[in-house]
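Topology and contacts: notes
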Amino acid sequence: MTIQTMLSMLFGGFQTSLAIFALTLVGALPLGVLVALARQSRIKPLAWLMRIYISIMRGTPLMLQMFAIYFAPYYVFGIQLNPGSKWTAVVVAFIINYAAYFAEIYRSGIQSIPRGQYEAAEVLGYTGSQTFVRIVLPQVVKRILPAMGNEVITLIKDTSLAFSIGVAEMFSTARAIVASQVTMLPFLFAAGIYWVSNFVIESLLAALEHRLDYYHE
Amino acid sequence: MRANAAQQAGPADAAAKGQGAADGLPVVSLCHVRKSFGEVPVLRDITLEVQRGEVVAIIGASGGGKSTLLRCATLLERMDAGSLSYAGLEVARDEGGRAAYADKATVREARSRFGLVFQGYNLFPHWDVMRNICDAPETVQGRPKEEAEAEARELVRRMGLEGCERKVPCELSGGQQQRVSIARALAMHPDVLYFDEPTSALDPQLTSEVLKVIRGLAEEHMTMVIVTHEMAFARDVADRVVFMDEGRIVEEGTPEQVLVHPTQERTRAFLAHGKD
Ligand SMILES: Nc1ncnc2c1ncn2[C@@H]1O[C@H](COP(=O)(O)OP(=O)(O)OP(=O)(O)O)[C@@H](O)[C@H]1O
Ligand SMILES: [Mg+2]
């Protein structure tokens, strides 16, 4: 197998990794906001439910969660699994797992906004949702950016966990080539691709942080 | 008296807006207000009315309940008992020793009638000066952007903040920040403006900038209630001085009466203590 074939197979797998990555962000970034708000809700049962959900998501391996979500429809509802089920299970597991982590970061960010900001907004007549969207959220974004950056970088690497359930992302592809071609090169290439992706993400985050550097509290 | 002069010479916007107040009702009226935090009574039967154009200074020792009174008047804190009205708009009334608050719409209407200037400014740090001043008129009152901005520029000028329009709060001195927060409150055209120790976080130089601006508002007959430790300022700007101690109004009257010839022992003790 030529290096070119190897690389093109790896990039094929990388597309799957990127798809998991992108879908997770698209789903978990907003879902995390809802979870964070529900976690702080005045409706006690809802707040408790969210606490338990977050605790389970953070307290058990993501790999186990993927399997649980993959098999749940069959064991709980007797629904027949099909070839697409694995992919769906991976994406759903990633989204609800990352939403829990994001929610905790959002929560710490929201709680770090001083009471005076809410009081000033209240006296000026802003509604609760106007206050959140216009005043609280933009400040939260700046405060949580470093912590979110860590999670996003972890997420790129975590996409390799989909390997365990048999979704052919980059790591699975690399392993398959390693096994059939008896060479370690694919692992080296894969490592390089993970690292370059994270380098790009780090640069984007740094640029965003720089843009938000125009003020401090 | 200033209160009478204000009826003819009050700011145009206030006169246009305060139809409800035109008939001589007090701009704000707090009656028999009580408030406790847990078991600790902080306000014990406070009654305070402020007439249009009047400047009231509230003085008193730390922990006397001055901030709590402003927070009740601005609906940041709920009274346990008593009533609260803004020029005939009844926000809370006393029902068998409990304060019963009006519906949400009334509360929202009441909020549009007052402004509050905080000791710590509480500007929105992610917005520049213009946005800090314009945003509530646009977002809350739905006023057109151009109108809100034109007015904000005028307020920037009146507050002596020219050149700061595009700066964010962290680039301003404390005195400038406090003047932005006064502009932010004025942009909403309140009937009454409350100040909670507006200068106590500032050094003497910056304090005088802010006091100058407040004095200017007093000359334009803006209705104001000012909690302050600046006795000299209270003396020359206020129409009425209220001395509060341990949750009660101990003495009130003209600055001359309260600050120069106090009749109550506690007022004398407070003033003597403050002077050394
Ligand atoms: N949210 C609160 N919870 C419990 N106690 C409070 C609360 N706010 C104020 N207090 C107490 O109420 C009393 C009156 O406080 P307040 O802040 O109104 O006094 P103040 O006259 O404004 O004093 P200062 O001059 O120090 O600002 C104090 O004993 C204070 O500890
Ligand atoms: Mg106070």
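Residues numbered from 1 in each chain as written. Chains lettered and ligands numbered in written order. Predicted model: local features only at pLDDT ≥ 70, side-chain atom pairs only at ≥ 80, totals over all residues. Heavy atoms only, no water.

Right, let's talk about the overall build of chain A for a bit. In terms of helices and strands, chain A carries eight helices and zero strands. Of the regular secondary structure in chain A, the N- to C-terminal order runs α-α-α-α-α-α-α-α. Each principal axis of the C-alpha distribution contributes one length, and for chain A these read about 70 × 50 × 25 Å. Relative to its 217 residues, chain A shows a buried fraction of 42%. In chain A, 14 side chains carry a positive charge and 10 a negative one; their mean positions are 7 Å apart. (Helix = DSSP H or I, 4+ residues; strand = E, 2+ residues; numbered from the N terminus. Buried < 20%, exposed > 50% of the residue type's maximum accessible area, 1.4 Å probe, protein only. Lys, Arg positive; Asp, Glu negative; His and termini not counted. Charge placed at Lys NZ, Arg CZ, Asp CG, Glu CD.)

Moving on: the packing of aromatic side chains. Residues and elements named next belong to chain A. Evaluation of the coordinates by the stated rule reveals 17 aromatic pairs over all chains. When the ring of Phe 67 is compared with that of Phe 71, the centres are 6.4 Å apart and the planes differ by 15°; the resulting orientation is stacked. Within this pair, Phe 67 and its partner Phe 71 are both found in helix H3 (residues 62-77), separated by four residues, close to a single helical turn. Residue class for Phe 67 comes out partly exposed when judged on its relative accessible area of 28%. For Phe 71, a relative accessible area of 35% corresponds to the partly exposed category. (Phe/Tyr/Trp six-rings, centres within 6.5 Å; stacked < 30°, edge-to-face > 60°.)

A separate point is a nonpolar patch on the surface. Residues and elements named next belong to chain A. A cluster of nonpolar side chains, contributed by Phe 71, Tyr 74, Tyr 75, Val 76, Phe 77 and Ile 79, occupies part of the molecular surface with about 700 Å² of accessible area. Mapped onto the elements of the fold, Val 76 is located in helix H3. Residue class for Val 76 comes out exposed when judged on its relative accessible area of 59%. (Patch = residues over 30% accessible without salt bridge, like charges linked within 9 Å, V, L, I, M, F, W, Y side chains within 5 Å. Areas by Shrake-Rupley, 256 points an atom, 1.4 Å probe, with all protein chains shown as cover. Salt bridge = Lys/Arg side-chain N within 4 Å of Asp/Glu carboxyl O.)

Residues and elements named next belong to chain B. If you trace the five strands from one edge of the open sheet to the other, you get S2-S1-S4-S5-S6, paired in antiparallel fashion. The open sheet is flanked by strand S2 (40-50) and strand S6 (98-101), the only strands paired with a single partner. The mean inter-strand angle of the sheet, taken between neighbouring strand axes irrespective of direction, is 20°. Sheet topology note: the strand S4 (residues 81-86)/strand S5 (residues 89-95) ladder contains three bridges and is antiparallel. Considered in S5, the bridge of Tyr 86 is made with Leu 89. Most of the contacts of helix H3 (residues 66-73) go to S2, to which it runs at about 60°, and overall it touches strand S1 (28-37), S2 and S4. Against the sheet, helix H4 (residues 104-111) touches S4 and S5, its axis set at about 120° to S5. (Pairing = 2+ DSSP bridges. Axes fitted to C-alpha atoms, helices over the stretch in contact; angles between N-to-C directions. Contact = heavy atoms within 4.5 Å.)

Attention now goes to helix H6 (residues 128-158) of chain A. With 31 residues, H6 of chain A extends only 36 Å from end C-alpha to end C-alpha; this falls clearly short of the ideal 45 Å at 1.5 Å per step. Leu 145 of chain A marks where H6 of chain A bends most, by close to 55°; the proline Pro 146 of chain A follows one to four residues later. (Expected span 1.5 Å × (residues − 1). Bend = angle between axes of the 7 residues up to and from the residue.)

When two helices pack together, their arrangement is captured by the angle between the axes and the distance separating the axes. Residue and element names in this part refer to chain A. As a packed pair, helix H1 (residues 3-39) and helix H2 (residues 44-59) sit with axes 7 Å apart at the nearest point and diverge in direction by 125°. The orientation of H1 with respect to H2, classified from their angle, is oblique. Contacts between H1 and H2 involve Val 35, Ala 38 and Arg 39 on the former and, on the latter, Leu 46, Ala 47, Met 50, Arg 51, Tyr 53 and Ile 54. When grouped by side-chain class, the residues that make up the contact of H1 with H2 number seven nonpolar, no polar and two charged. (Parallel < 35°, antiparallel > 145°, perpendicular 65-115°, else oblique. Nonpolar A, V, L, I, M, F, W, Y, C, P; charged D, E, K, R; others polar.)

Think of an α-helix as turning once every 3.6 residues; residues three or four places apart then point the same way. All names here are of chain A. The end-to-end C-alpha distance of H3, which contains 16 residues, comes to 22 Å, matching closely the 22 Å that a straight helix rising 1.5 Å per residue would cover. By the largest-angle criterion, Phe 71 marks the main kink of H3, which is about 45°, and a proline, Pro 73, follows within four residues. For H3, the full list of buried residues reads Leu 62, Gln 65, Met 66 and Tyr 70. The inward-facing, buried residues of H3 abut H2, helix H4 (85-111) and H6. One or two steps after H3, the chain reaches Gly 78, where phi turns positive at roughly 70°.

On to the sheet that holds strand S11 (residues 248-253) of chain B. The strands that make up a sheet pair up through hydrogen bonds in the backbone, lying either parallel or antiparallel. All names here are of chain B. The six strands lie next to each other as S7-S8-S9-S3-S10-S11, forming an open sheet whose pairing is mixed. A single partner strand is all that each edge strand has here, and the edge strands are strand S7 (114-117) and S11. Here the strands of the sheet are splayed against their neighbours by 20° on average, with no regard to which way each runs. Sheet analysis places strand S3 (residues 55-59) next to strand S10 (residues 240-245), joined by four bridges and oriented parallel. When the bridges of S10 are listed, Val 56 appears paired with Arg 240.

All names here are of chain A. Secondary-structure assignment places Ser 41 in the loop between H1 and H2. Note on Ser 41: relative accessible area 16%, which makes it buried. Apart from residues lying up to four places away in sequence, Ser 41 is in contact with Leu 46 and Ala 47. A polar contact of 2.8 Å, which involves the side chain of Ser 41, links it to the backbone nitrogen of Ile 43. (Polar contact = N/O pair within 3.5 Å; in protein donor to acceptor, adjacent residues only side chain to side chain.)

All right, on to the pairing of strand S8 (residues 192-196) of chain B then. Residues and elements named next belong to chain B. Taking burial as the measure, the five residues of S8 include five buried ones, the bulk of the element. Neither face of S8 is open: one carries Val 192, Tyr 194 and Asp 196, the other Leu 193 and Phe 195, and all of them are buried. The sheet contact formed by S7 and S8 spans four bridges and is parallel. Bridge pairing in S8 places Val 117 opposite Phe 195. Taken together, the four bridges between S8 and strand S9 (residues 224-227) define a ladder with parallel strand orientation. When the sheet's bridge partners are listed, Leu 193 is paired in S9 with Met 224. In this fold, S8 hands off to helix H8 (residues 204-219), which returns the chain to S9; that crossover is right-handed. (Right-handed = clockwise from strand over helix to strand, strands pointing away.)

Our focus in this paragraph is the site of ligand 1. All names here are of chain B. All residues in the neighbourhood of ligand 1 are listed as Phe 37, Val 42, Ala 61, Ser 62, Gly 63, Gly 64, Gly 65, Lys 66, Ser 67, Thr 68, Glu 197 and His 229. One of the side-chain N or O atoms of Ser 62 is found 2.6 Å from an oxygen atom in ligand 1. Take Lys 66: an N or O atom from its main chain is 2.9 Å from an oxygen atom of ligand 1. Counted by class, the shell around ligand 1 contains three nonpolar, seven polar and two charged residues. (Near = heavy atom within 4 Å.)

Counted under the stated rule, the structure contains 28 salt bridges over all chains. As a salt-bridge pair, Arg 71 of chain B and Glu 119 of chain A come within 2.8 Å of each other at their nearest N and O atoms. With one member in each of two chains, Arg 71 of chain B in helix H3 and Glu 119 of chain A in helix H5 (residues 115-124) form a pair that bridges those chains. There is no split in this pair, since Arg 71 of chain B and Glu 119 of chain A are both buried.

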